[in-house]
Amino acid sequence: MRTLRNLLRAAGMDHFLYRDGILHAEDVPVPEIAASVGTPFYCYSQATLTRHYRLFEEALDGLPHLICYAMKANSNQAVLKIMAGLGAGVDVVSGGEYRRAVAAGVPGERIVFSGVGKTGEEMRLALSGGIRQFNVESEPEMRLLSEVAVSMGVRAPVTIRVNPDVDAKTHEKIATGKSENKFGIPIARAREVYAEAAALPGLEVVGIDVHIGSQLIQLEPYEQAYRKVADLTRALREDGHDIRRLDLGGGLGIPYERSNSAPPLPLDYGAMVKRTVGDLGCEIEIEPGRLIAGNAGLLVSSVIYLKHGEGRDFLILDAAMNDLIRPAMYGAWHDIVPVVEAPAGVELGPCDIVGPVCESGDTFARGRPLPPLATGDLVAFRSAGAYGAVMASEYNSRPLIPEVLVHEHHFAVIRARPSYEEIISRDTIPEWL
Ligand SMILES: *Cc1c(COP(=O)(O)O)cnc(C)c1O
């Protein structure tokens, strides 16, 4: 059963497939996009974004729910517009993201505001523009939010993010549910903190929030956390709180290394949600980011040089760590494939795949088996749709790379590459120079 599912997943998780030996994004040959926009660039598939959102809809079918896309994974206006059109809510973590969500047409009642460091200004922005709830992470934040709301003559709907102290078994930089992490309040103190929240005049307590990390590849940590949330729901109700909404966070992992990983499917995740918190009569919110956007995107790059080093070959690409920082920052794996498939029987040689930035950290992969490639050949990084473009910088004065959206046989640039003039003119020289 598991194997069959894995096969289905491998075949159908995205819409980047080879046709006649050429990688396509939906119905568009990737080389055609490269010729039009130049490399490197990000390329997203609308059908894949849509499919991933629907997987969660199916998974939670039967429970009252709202899927709040965690837009920090990919916050391009076009991506948000697709999500908004599907009826998604969004999870925002800054005033900037709030403004982006509103600009893409997401109504305030479908925006939840997360993050450990919301400022008074961000609170005011969301309270005046409309907000579904704030996921509050500390007592000082709770008090400030109450003050801001009172000063505006409104009450702020809140959940409190609890830290369930479970090990998410993911990369340390993206684990958030252990007691040593900066997130939420310890679940053991929840009743006390909820009592204070209920007494604050500017707050309306509506539920509980939990998010234990990102790129989770097992359901067990979730299950442990959600059972604790279910117990807490009952305890808080006994204390007189009207707990009617549970925000269960995001974090479901994706298969970055296709040949060697099988994270849980949304359907299995949904069954676990129903099993753990489904009988509480609460509205369920989830905040997936990576699973929606990750495998809906490629980073396409060209080979600048093939350099023979000592005991190894280096494939030097025109993409670099500033364009996709995940390998340098988290040691993350991306499958990297030639856009034009090698003929059958060609021998594969191990290659270190690197960018042109002057840092050894600018290494995407080591010892990858690749067919012989030459200057100008295209390669594609898979699973680059989440935490790719949004984490890019212009280090080395390399312009931010364009983003392209594909829909069936159409494609459009959804963020253009800036010109060098635009980049340079963002700086200003003070009058004394
Ligand atoms: C990052 C984050 C998410 C999304 O995580 P993914 O791994 O992209 O699904 C959801 N909720 C919160 C609070 C987050 O910080």
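Residues numbered from 1 in each chain as written. Predicted model: local features only at pLDDT ≥ 70, side-chain atom pairs only at ≥ 80, totals over all residues. Heavy atoms only, no water.

Draft legend 1. Expanded view of the site of the ligand. Of all residues adjacent to the ligand, which total 15 residues, the nearest are Lys-72, Ser-214, Glu-287, Arg-290 and Tyr-387. Contact distances for the ligand include 2.7 Å between an oxygen atom and a backbone N or O atom of Arg-290. Protein contacts shield 92% of the accessible area of the ligand, which totals 380 Å² for the unbound molecule. Tallied by class, residues from the shell around the ligand come to three nonpolar, seven polar and five charged. (Near = heavy atom within 4 Å. Polar contact = N/O pair within 3.5 Å; in protein donor to acceptor, adjacent residues only side chain to side chain. Areas by Shrake-Rupley, 256 points an atom, 1.4 Å probe, with all protein chains shown as cover. Nonpolar A, V, L, I, M, F, W, Y, C, P; charged D, E, K, R; others polar.)

Draft legend 2. Structural context of the domain arrangement of the chain. According to the domain assignment, the chain consists of domain 1 (2-45 + 294-425) and domain 2 (47-289). Taken over C-alpha atoms, the centre of domain 1 sits 31 Å from the centre of domain 2. Counting residues at the interface gives 31 residues for domain 1, matched by 29 residues for domain 2. Summing the contributions of domain 1 and of domain 2, the shared interface buries around 2,900 Å²; its carbon and sulfur component is 51%. Arg-258 is the partner of Asp-14 in a salt bridge, and the nearest nitrogen-oxygen pair spans 2.6 Å. (Domains from an automatic or database assignment. Contact = heavy atoms within 4.5 Å. Buried area = accessible area lost by both parts, 1.4 Å probe. Salt bridge = Lys/Arg side-chain N within 4 Å of Asp/Glu carboxyl O.)

Draft legend 3. Focus on helix H6 (residues 120-129). Considered for burial, the residues of H6 that qualify are Gly-120, Glu-122, Met-123, Leu-125, Ala-126 and Leu-127. Packing partners of the buried residues in H6 comprise helix H5 (95-103), strand E7 (111-113), strand E8 (133-136), helix H7 (139-152) and strand E9 (156-163). Following H6 by one or two positions, Gly-130 has its phi on the positive side, about 110°. (Buried < 20%, exposed > 50% of the residue type's maximum accessible area, 1.4 Å probe, protein only. Helix = DSSP H or I, 4+ residues; strand = E, 2+ residues; numbered from the N terminus.)

Draft legend 4. Layout of helix H2 (residues 30-37). Along H2, the positions that sit buried rather than exposed are Val-30, Ile-33, Ala-34 and Val-37. On an axial view of H2, the arc spanned by its buried residues comes to 100°, and they lie on one face. Trailing H2 by a residue or two, Gly-38 shows a phi angle of about 80°, which is positive. (Arc of directions from axis to C-beta.)

Draft legend 5. How the structure looks around the packing of H5 against H6. The interhelical angle for the contact between H5 and H6, taken along N-to-C directions, is 20°, at an axis separation of 9 Å. In terms of orientation, H5 and H6 fall into the roughly parallel class. Note on packing geometry: the crossing formed by H5 with H6 is left-handed. Two secondary-structure elements touch here, H5 through Gly-95, Tyr-98 and Arg-99 and H6 through Glu-122, Leu-125, Ala-126 and Gly-129. Class assignment for the residues of the contact of H5 with H6 results in three nonpolar, two polar and two charged. (Axes fitted to C-alpha atoms, helices over the stretch in contact; angles between N-to-C directions. Parallel < 35°, antiparallel > 145°, perpendicular 65-115°, else oblique. Left-handed = near helix turned anticlockwise from the far one by under 90°.)

Draft legend 6. Representation of the packing of aromatic side chains in the model. Tallied over the entire structure, the rule returns six aromatic pairs. Taken together, a centroid distance of 5.9 Å and an interplanar angle of 20° make the contact between Phe-113 and Phe-134 stacked. Taken together, the positions of Phe-113 in strand E7 and Phe-134 in strand E8 put the pair 21 residues apart, joining distant regions of the chain. Look at Phe-134 and you get buried, because its relative accessible area is 1%. Connected via pairs of aromatic rings, a cluster forms that spans Tyr-222, Tyr-226 and Tyr-269. (Phe/Tyr/Trp six-rings, centres within 6.5 Å; stacked < 30°, edge-to-face > 60°.)

Draft legend 7. Fine view of the packing of helix H9 (residues 220-238) against helix H10 (residues 266-277). Contact geometry of H9 with H10 gives a least axis separation of 9 Å together with a crossing angle of 30°. Between H9 and H10, the angle falls in the class roughly parallel. In terms of crossing hand, the pair formed by H9 and H10 is right-handed. On the side of H9, the interface is formed by Tyr-222, Glu-223, Tyr-226, Arg-227 and Ala-230, while H10 contributes Tyr-269, Met-272, Val-273, Arg-275, Thr-276 and Val-277. Residue classes in the contact of H9 with H10 are distributed as seven nonpolar, one polar and three charged.

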